[in-house]
Amino acid sequence: MDLPLVVGVDGSEPALRAVDWAADEAVLRGLPLRVVYASLWERYEGAALARDLGKPDARVAAEDVVRAGAHRARARRPDLAVSLAALPEAPEYALLREARNASALVVGSRGRGGVSGLLLGSVGLYVAAHADCPVVVVRPGGDNQARTAVHGRVVVGIGDEPAAEVPFAAREAALRGAVLEAVRAWRCPAPEPAGHPLLTGGPERGYGEAAEEAAAAAAEVLEEALRDVPPRVEVLRRTAEGPAHKVLLGASRTADLLVVGARRRPGRLGLQLGRVAHALLHHALCPVTVVPHRA
């Protein structure tokens, strides 16, 4: 049985954009879609208290939110199989549990409680850092819309130890009939201290030579990471000098999807994302997928 694509909703506009994106992706993959809303309404507002105060039951409001998300998905993709769940628990923990039986988990760039602007909300950041399945954060492009395919390009960032993110990105490119752009950023080492040729054994190595060696090493890492990509996938290889997060943020301007890896270290507390993935989740101009792999 195929695992569903799960999308988290909370009634916000970013979450509804995530529903649109997830509905398109579920159809593309031939998967059912599961729409999930979670909140602690039972802890903070009992049904009897809500009626006494003349306010709507929070459970009813929660069910309205998840039904609205499911309705939007069905309106966009009428033939899509959609299930829904309104869960009385903290959203980050509910979504992590849903992720255990999901092909991927989709969330919006920020929820109702998020600050205005580009930053990712706390729930999205938490699930991206801890989920067992790939997590897609649907970030809007420059026109504040989230479209499944515009540029015909899937970008994957190649780190020092690429793993699951490369085959995932290759499958995404194949599904879309898109080009897979593999990007490896590199930094030139700091210049070596000057020394007398008689003491150092020769002339000082200049910046140009060091840069050439760093670029060549980046190209080798790129080739090794891509060796198992199927021939049917068109691959564009690119190395670029600069901080990895800035290079990939630039690439996100012309990408339909940006894929990065996140190493999960058992027993380690805190967000297990890394600086590059963290920056992309907050600022990229296209949807970002974080693919976990175990240390």
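Procedures and definitions
Residues numbered from 1 in each chain as written. Predicted model: local features only at pLDDT ≥ 70, side-chain atom pairs only at ≥ 80, totals over all residues. Heavy atoms only, no water. Buried < 20%, exposed > 50% of the residue type's maximum accessible area, 1.4 Å probe, protein only. Helix = DSSP H or I, 4+ residues; strand = E, 2+ residues; numbered from the N terminus. Pairing = 2+ DSSP bridges. Right-handed = clockwise from strand over helix to strand, strands pointing away.

Colleague: Help me get a handle on the pairing of strand E5 (residues 135-138), residues and values and all.
Modeller: Of the two faces of E5, the one lined by Val 135 and Val 137 and the one lined by Val 136 and Val 138 are each fully buried. One ladder, built from 4 bridges, connects strand E4 (residues 104-108) with E5; its direction is parallel. Bridging from a neighbouring strand, Val 107 pairs with Val 137 of E5.

Colleague: Can you lay out the pairing of strand E1 (residues 5-8) for me, pointing to particular residues and giving the numbers?
Modeller: Every second residue of E1 is oriented toward a common face, with Leu 5 and Val 7 on one face and Val 6 and Gly 8 on the other, all of them buried. Judged from the 4 bridges that link them, E1 and strand E2 (residues 33-38) form a sheet pairing that is parallel. Bridged to Gly 8 within E2 is Val 36. Handedness of the crossover joining E1 and E2 through helix H1 (residues 13-29): right-handed. Bridge analysis of E1 against E4 gives 3 bridges, and the strand direction is parallel. Looking across to E4, one finds that Leu 5 is bridged to Ala 104.

Functional significance is not addressed by these values, which are geometric in nature.
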